[in-house]
Amino acid sequence: MTATLERASIKHRLAEKGVDRVLWLLVPGAVFVVLLFVYPFLYGLQLSFQPKGGGSPFQNYITFFSDEYLAETIWITLRLGLPAALFNVLASIPIAFRMRGRFRGKRALTTLLVIPITLGTVLTAEGLLAFFGPTGWFNRIWMALGADEPAKLTHNYWGVLFSLIITGFPFAFLLTLSYLSGIDPTLEQAAATLGASKRQRFRTITMPLLAPGLAVTFCLSFVLAFSVFPSAVMVGNPAGETHVMSIAAYETALRDNDFAMGSAIAMLMALVMLIVIGVVLIWRTTLYRGATGGKG
């Protein structure tokens, strides 16, 4: 009897601390994270310190930064990822703000905005080639208007940027819409009764509450854009102005059969992403996070 009471007491104390049978539900997720993220990451990290030709453990990283062609991939990837993420977040704000209300055709319009998610990167790239390519519809119209030569919008920087915007906007839009929907509308109504205009309500109420959520949206959009690969090959110039870090890692590992160097480039990709995300999240901590009903 005493043992039973002691076990019940222990279970009760653990339950008060949040330790109960529900925690077993976390086991599949924890195993999934360890097998598909933690282990590959740690394996790649230690492999990056084992240069193919021997020598210093940091030789792969020294080689990367001493090779101008490889080192430039950091700037090239940032030049694609940052503008694409920033544009998607900023463009999603007015659209999500309008979609927050009720109006006829809202469901159909929402479906159109998120359709690129179902297309995927490859189909989007093929569509860009068919529309913006040298013989695409855009250039046919462009030449018919009297242009001397077709506009170069594919197989370069712009083709990849367009692809990243098309494929990344639906995610930014859905996230922004969810944050906007979490802001208590009575706050704006109260401001309206005090004589605040729509612009004043958006600038002093909606935007401050939305900004923390936009920071998270930007981080997710940036990670999605920074890992660009298929579009950089299909609608870009993978040997030149769209030679991004993912392509460099792929070519080094599989073409040159140097998996240690490829792992080093992948680790540097992760480091650059963490730096950008860290800067954004530090800025996010300076934003208002009071109990106002917003999700931000």
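Residues numbered from 1 in each chain as written. Predicted model: local features only at pLDDT ≥ 70, side-chain atom pairs only at ≥ 80, totals over all residues. Heavy atoms only, no water.

## A short note on the confidence of the model for the chain
- For the chain, per-residue confidence averages 86 on the pLDDT scale, and 89% of positions sit at 70 or higher.
- Mean pLDDT in the chain bottoms out at helix α1 (residues 2–16), which sits at 56, and peaks at helix α3 (residues 59–66), which reaches 95.
- The low-confidence segment residues 291–296, where pLDDT is below 50, has 16 contacts with residues more than four positions distant or belonging to other chains. (pLDDT = per-residue confidence, 0-100. Helix = DSSP H or I, 4+ residues; strand = E, 2+ residues; numbered from the N terminus. Contact = heavy atoms within 4.5 Å.)

## Quick notes on unusual backbone geometry
- Positive phi outside glycine occurs at histidine 155, with the angle close to 55°.
- By the element assignment, histidine 155 lies in the loop between α6 (137–144) and α7 (157–181).
- Phi is positive for asparagine 257, which is not a glycine, with a value near 55°.
- With respect to the helices and strands, the residue asparagine 257 is situated in the loop between α11 (245–255) and α12 (259–284).
- On the accessibility criterion, asparagine 257 (48% relative accessible area) is partly exposed. (Buried < 20%, exposed > 50% of the residue type's maximum accessible area, 1.4 Å probe, protein only.)

## Some thoughts on the environment of tyrosine 61
- By secondary structure assignment, the location of tyrosine 61 is in helix α3.
- For tyrosine 61, a relative accessible area of 14% puts it in the buried group.
- For the pair tyrosine 61 and methionine 267, spaced 206 residues apart in the sequence, the C-alpha separation amounts to 9.7 Å.
- When neighbours within four sequence positions are excluded, tyrosine 61 is seen to be in contact with Ser48, Phe49, Ala264, Met267 and Leu268.

## Details of the side chain of glutamate 251
- On the secondary structure map, glutamate 251 appears in helix α11.
- A polar side-chain atom of glutamate 251 sits 3.5 Å from a polar atom in the side chain of histidine 243. (Polar contact = N/O pair within 3.5 Å; in protein donor to acceptor, adjacent residues only side chain to side chain.)

## Description of the nonpolar core
- Phe64, Phe173, Phe222, Phe226, Met245 and Ile265 are the most contacted members of the largest nonpolar core, which has 42 residues in total.
- Those elements giving two or more residues to this core turn out to be α3, α4 (68–99), α5 (106–132), α7, α9 (198–226), α11 and α12.
- Excluding residues that lie within four positions of it along the chain, phenylalanine 173 makes contacts with Ser92, Ile95, Ala96, Met99, Thr110, Leu113 and Val114. (Core = buried A, V, L, I, M, F, W, Y, C linked by side-chain atoms within 4.5 Å.)

## A short note on the packing of α7 against α9
- Where α7 meets α9, the axes come as close as 9 Å, and the angle between the chain directions of the two elements is 150°. Relative to α9, α7 is oriented roughly antiparallel. The way α7 lies across α9 gives a crossing that is right-handed. Side by side, α7 and α9 meet where Leu164, Thr167, Gly168, Phe171, Ala172, Leu175, Thr176, Tyr179 and Leu180 of the first sit next to Thr206, Leu210, Gly213, Leu214, Val216, Thr217, Leu220, Ser221, Leu224 and Ala225 of the second. (Axes fitted to C-alpha atoms, helices over the stretch in contact; angles between N-to-C directions. Parallel < 35°, antiparallel > 145°, perpendicular 65-115°, else oblique. Left-handed = near helix turned anticlockwise from the far one by under 90°.)

## Description of the side chain of threonine 242
- Take threonine 242: it is sitting in the loop between α10 (230–234) and α11.
- By relative accessible area, which is 0% here, threonine 242 ends up buried.
- Residues in contact with threonine 242, not counting those within four places in the same chain, are Ile76, Asn156, Tyr157, Val160, Ala232, Gly236, Asn237 and Ile247.

## So, the packing of aromatic side chains
- Across all of its chains, the model carries 17 aromatic pairs by this definition.
- Seen from their ring centres, phenylalanine 169 and phenylalanine 173 are 6.0 Å apart, and the 20° between their planes marks the pair as stacked. Of this pair, phenylalanine 169 and phenylalanine 173 both sit in helix α7, four residues apart, which is roughly one turn of that helix. Neither residue differs from the other here; phenylalanine 169 and phenylalanine 173 are each classed as buried.
- Clustering of aromatic rings is evident, with ring pairs tying together Phe131, Phe132, Phe138, Trp142, Tyr157, Trp158 and Phe162.
- For arginine 79, the ring lying beneath its charged end belongs to tyrosine 157, and the centroid distance is 4.3 Å. (Phe/Tyr/Trp six-rings, centres within 6.5 Å; stacked < 30°, edge-to-face > 60°. Lys NZ or Arg CZ within 6 Å of the ring centre and 35° of its normal.)

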